[in-house]
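# Geometric and topological summary
Letter by letter, the chains look like this.
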Amino acid sequence: MDDHLPLTPLSFHILLALADRPVHGYGIIKRMQERPDRAIDPRTGSFYAALRRMSEDGLVEEVDPPEGEAGVDRRRRYYGLTPVGMRVLAAEAERLAGLAREVRGVLGTPGAPGVVGSRGS
Amino acid sequence: MTPDRRRRALPVRILRIPLLLAPRAWREENGGEIEATFRERLAAEGGEGSGRRAWFTVRETADLAWVVAKAWLRGDRRRRAVAGRRSGIHADGRRWTMRGTSVQQALRSLGRRPVYTVTAVLTLAVGIGMTTTVGTVADAVLVDGLPIDDPGRVHLVWGHLPQVDLGVEEFQVGGVQHRYVREQARTTESVAAFRPQRVNLGSGDAVARVEGARVSAPFFRTLGVALARGRPFRVEEEVEGSDRVVILSDHFWRERFQADPDVLGATVAVDGVPHEVVGVAAPGVDFPRGAELPSHLRFPDRTDLWLPLVHTERGPSLLLLLARTRSGLAPGALQEHLDATAARIGEDIPGYGPWAGMREAPLQEKALGPVRPAVGALLAGVVLVLLLACVNVASMLLTRMHARSDEMAVRTAMGARRRDLAAVVGVEALLLGAGAGAVGLLLAWSALGAAERLLASQLPAVRGLTLEPATLAGALAVTLGAAAAVGLIPLLALRGAGLHGALRRARGGGTRRSLGGLATLQVALCCTLLVGTGLLTRSLMETLRQDVGFDPEGLATVALTLPELSYPDLESRVRYHQAALAALADVPGVVEASVATPLPMSGGQEATTIAVEGRSYASEETPVVEYSLVSPSFFGALGIERVAGRLLVDDDRRGDAMVGVVNRSMAEVLWPGRDPLGQRIKVSGEAAPWGWVEVVGVVEDIRRVSLTAGATPEIYLPFAQSPYPSPPMLDVQYVVRTRTGAGLGQEAFREALATVDPGVAPGALVPMEDLIARTYARSRALTVVLLVLGAAALGVAVVGLYGAVAFSVEGRRREMGVRLALGAEPSAVALRVVRGGVATAALGVVVGLGAAALLTRFLGSLLFQVSPLDPMTFAVVGALLLLTAAGAASSPALRAAREDPATVLREGER
């Protein structure tokens, strides 16, 4: 598990975008862009290179398009988290939260717990 | 396709470029998705503005290119995973096909054979580097000229006197011609006249001799150049006394006035007279300059400042004209106009007709004319070297293909298609091309500096050469072209090699023949180039063997210009020169000081018609001789031999009977078989208002213009008697014989001359030997470059020949083993090999000499006393190449002769 940590910001956000349901490639990019802080806006080539690498590492996998959901495009390839990917995402979030606590300890400024890690590492 | 659809399609096409370069498996895996997503994002994020769309496309494409590059570097891992998954072969994750040939694999393969790789890259790099260098120079010379507006319409007009045989084509025109051409302006928008005028600028200790030009008011408009500041000259400034204004060139303004922005209105002393600065020319404008104009008219390398030309029709005003033609004028219309003008002058002014002829040529063409054959020869040489390099690398690749034929056969057996095998060769060739391109650019970059040093004095356009983006793009195109050419031949060879052929190995017969053919081609290319180089070298050697007619060693020359206002008449000028000669003679180390105008080898030539006492000539047949005004010490200082009579003496003064010394040619042409002494001639013509000149002596011919131009009839007149030339004895050159090793510097001369008149500044001290060297600098530069190219070509051809012979020996080891086993002498075996190599080369020599015989005629104008078909050069080049071939073959031959027959034969049985 620790082999995968720390994640690059891009990988972390791909996992994050896939956390609740399978999404197609462009959908992942859109979800990142729709985040209120727009923390990351990857270029298309880099994005697919990262996605492919994560697929090889077993963090994400190609899945069948979800049935019955609105707006599903059957021509697209959909991606979802593997159980490993889910655990890696959780572990990375924990790692970032630890870092954030440390930073707050040094600076003495309380931060909103909800946004931890949203700016990546 | 509608414009709108095209607009949408273009970004996708751009994005496809890196995609197409991606490893195939990677592209198949990701290409479709990346492209689809890019389209959607472009629609969503690109917005409507084309700027935003372009920026988005650029960023996406650059990112993809980077990702693709990384994919190549990680290629192996990915390919194994993908291929394994697709084919179901998981054993070691590796399938024995060439599918997904990676750059990495090619790199490793090249890295395993460093000698081969380095040789191939360097061979190609030399070709590419030279092409780029010469391309840059040619571009600067042929394309970048003066920064002038619509240059095609600017024509140079010069005097045309076909009846005067001085070995030069261009003469100056007089004020009359200037006025007529200007007034009869049917074909021209504007006409301007100009002539060089050296001046002494500044006052006190800061006086310097600078290169100026007298130009008529419409000069800048006619030339089509802008002034950075101020105004051009006005017509009313073409009048004596109103002409005290000056326009500075940009470089002079920066050097001398520290780019002072308030320079307009400032006063500078020109020949001691205050002049007002009224303008500064745009950067790069330094016309008239020697590069564009006939060398014998003695224009400076560049003009520092311009003064108004005072219009006069008295005496020869030694002008050249510039004409800006009306747009859309038919070619030849200006020349017709000039012919009509000359005829008109002939009608209006009796006797002027034969001397009013004029010719024109577009200024740029005129400037390029003398350089074009040399640039053409250079480009041809470079193209030959590049071809040679490509052929050479192709044969190396072929050898390698053969060496890997077992591997290829196994790959084929395991399912690799021919296309996959081709990819191996292709990628390798591309890599070699890319590496060679990079090294070649480095070579070009360093070679440009050398080219600049070699050529700058001849071609000012060559100053400040840089590798321009266009040249870089050109080099890239050359590189890719070279790589493609290099890859092509082995691919063709591959086409024929089926599985069986490859597996049987066929003892390399096909490869051997191809290699032999390529080696022949290399020898032929090299041979053609070497013949050209050899001819130019011989020509230069012939030039250097010429006897200049005097002893240039230890002669120093210094130019100076007397201000006309301080020295208004001949008497004052003569007084100055006599005092200056005395002052120079007192400088320690000086043996003899003299003055001459024009000085031999300084580029200047002056000619006059003469009347010969007791003869009459038709107007067109009037004899023309070159004349120069010299001090009596001139002959002694230069070491010119006396043939008959006496030399000039200090007592030949104004008011006395005028005397002159003629050269041997003049004596033989005008008075063949008779005694020239005592004959009388009159400078200009019988009607001239001055006296007859009596010939009192004859001296040997000397070379006046260059080592290659023959002697012409010439008369020397004592400068103190100067009857005619105008302006006489103002712009002169001192020539001083110094004691060997005296090492006299500029300062010694400057100080000596300052004691006579501190307002007259001498120019730089130039050894006579340098003046002579300048007359053949162009052919020397060309020869040096071609010798370098020839040496490179020879080296490349040797590598090619060696490769072919070595390969052939390798393939025939068994045969030689049999011969040795049967008792053949090792020396006989070696000799057979050498003979084979020489035979290969001999065919190339025959082809190359044949090609040379067809091509060298284009060198004709560059050759001096050497025929383009010079048998000596052809024979020497042929022999040199055959000897070289024998040398290249001798090492494999010795190896063959030292083989142990038993080993070879056992090897063959395996």
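Here, every reference points to the structure presented above.
Before going into details, it helps to say that this report is about the structure given with it. This structure is a prediction, so every number in the text was calculated from the model and none was measured.

## With respect to the overall build of chain B
Scanning chain B from terminus to terminus reveals 27 helices and 21 strands. In chain B, the share of contacts with a sequence separation of at least 24, taken over all contacts with a separation of at least 6, comes to 80%. For chain B, the accessible surface area stands at approximately 40,100 Å², while carbon and sulfur atoms represent 58% of it.

## Quick look at the sheet that holds strand β1 (residues 23-24) of chain A
Residues and elements named next belong to chain A. Here 3 strands make up an open sheet; going across it, the order is β1-β3-β2 and the pairing antiparallel. Each end of this open sheet is capped by a strand with a single partner; those strands are β1 and β2 (60-63). Alignment of β1 against strand β3 (residues 78-81), held across 2 bridges, turns out to be antiparallel. The partner of Val 23 across the bridge, within β3, is Tyr 79.

## Section: the nonpolar core
Residues and elements named next belong to chain B. Formed by 46 residues in total, the largest nonpolar core has its most connected members in Cys 526, Leu 782 and Leu 881. Secondary structure elements with two or more residues in this core: α6 (114-142), α12 (372-403), α17 (509-545), α23 (777-811), α25 (826-855) and α26 (871-897). Broken down by element, the residue count for this core peaks at 12 residues, all from α17. In this structure, Cys 526 is in contact with Leu 388, Ala 793, Leu 794, Ala 797 and Leu 881, ignoring residues within four places of it in sequence. Leu 560, Met 729, Tyr 734 and Val 760 belong to the second-largest nonpolar core, a separate cluster that totals 45 residues.

## Some points on helix α7 (residues 175-183) of chain B
Residues of α7 of chain B that are buried: Gly 175, Val 176, Gln 177, His 178, Tyr 180 and Val 181 of chain B. For α7 of chain B, the elements touching its buried residues are β2 (188-201), β9 (320-325), α10 (333-348) and β10 (358-362) of chain B.

## What about the interface of chain A and chain B?
On the chain B side, the residues contacting the 17 residues of chain A number 19 residues. Summed over both sides, the interface of chain A with chain B buries roughly 1,700 Å², with 41% coming from carbon and sulfur. Of all residues in chain A, the largest losses of buried area upon contact with chain B belong to Tyr 26, Arg 43 and Thr 44 of chain A, amounting jointly to 37% of the total for that side. Across the chain A-chain B interface, the total number found is 6 salt bridges. Between Arg 76 of chain A and Glu 40 of chain B there is a salt bridge; the shortest N-O distance is 2.7 Å. If you look at where chain A meets chain B, you find 15 residue pairs in polar contact (both at pLDDT 80 or more). Residue assignment for the side of chain A that touches chain B shows that the elements contributing at least two residues are α2 (25-34) and α3 (44-56) of chain A.

Cut-offs and rules
Residues numbered from 1 in each chain as written. Chains lettered and ligands numbered in written order. Predicted model: local features only at pLDDT ≥ 70, side-chain atom pairs only at ≥ 80, totals over all residues. Heavy atoms only, no water. Helix = DSSP H or I, 4+ residues; strand = E, 2+ residues; numbered from the N terminus. Contact = heavy atoms within 4.5 Å. Areas by Shrake-Rupley, 256 points an atom, 1.4 Å probe, with all protein chains shown as cover. Pairing = 2+ DSSP bridges. Core = buried A, V, L, I, M, F, W, Y, C linked by side-chain atoms within 4.5 Å. Buried < 20%, exposed > 50% of the residue type's maximum accessible area, 1.4 Å probe, protein only. Buried area = accessible area lost by both parts, 1.4 Å probe. Salt bridge = Lys/Arg side-chain N within 4 Å of Asp/Glu carboxyl O. Polar contact = N/O pair within 3.5 Å; in protein donor to acceptor, adjacent residues only side chain to side chain.

Shape is all these values report; function is a separate question.
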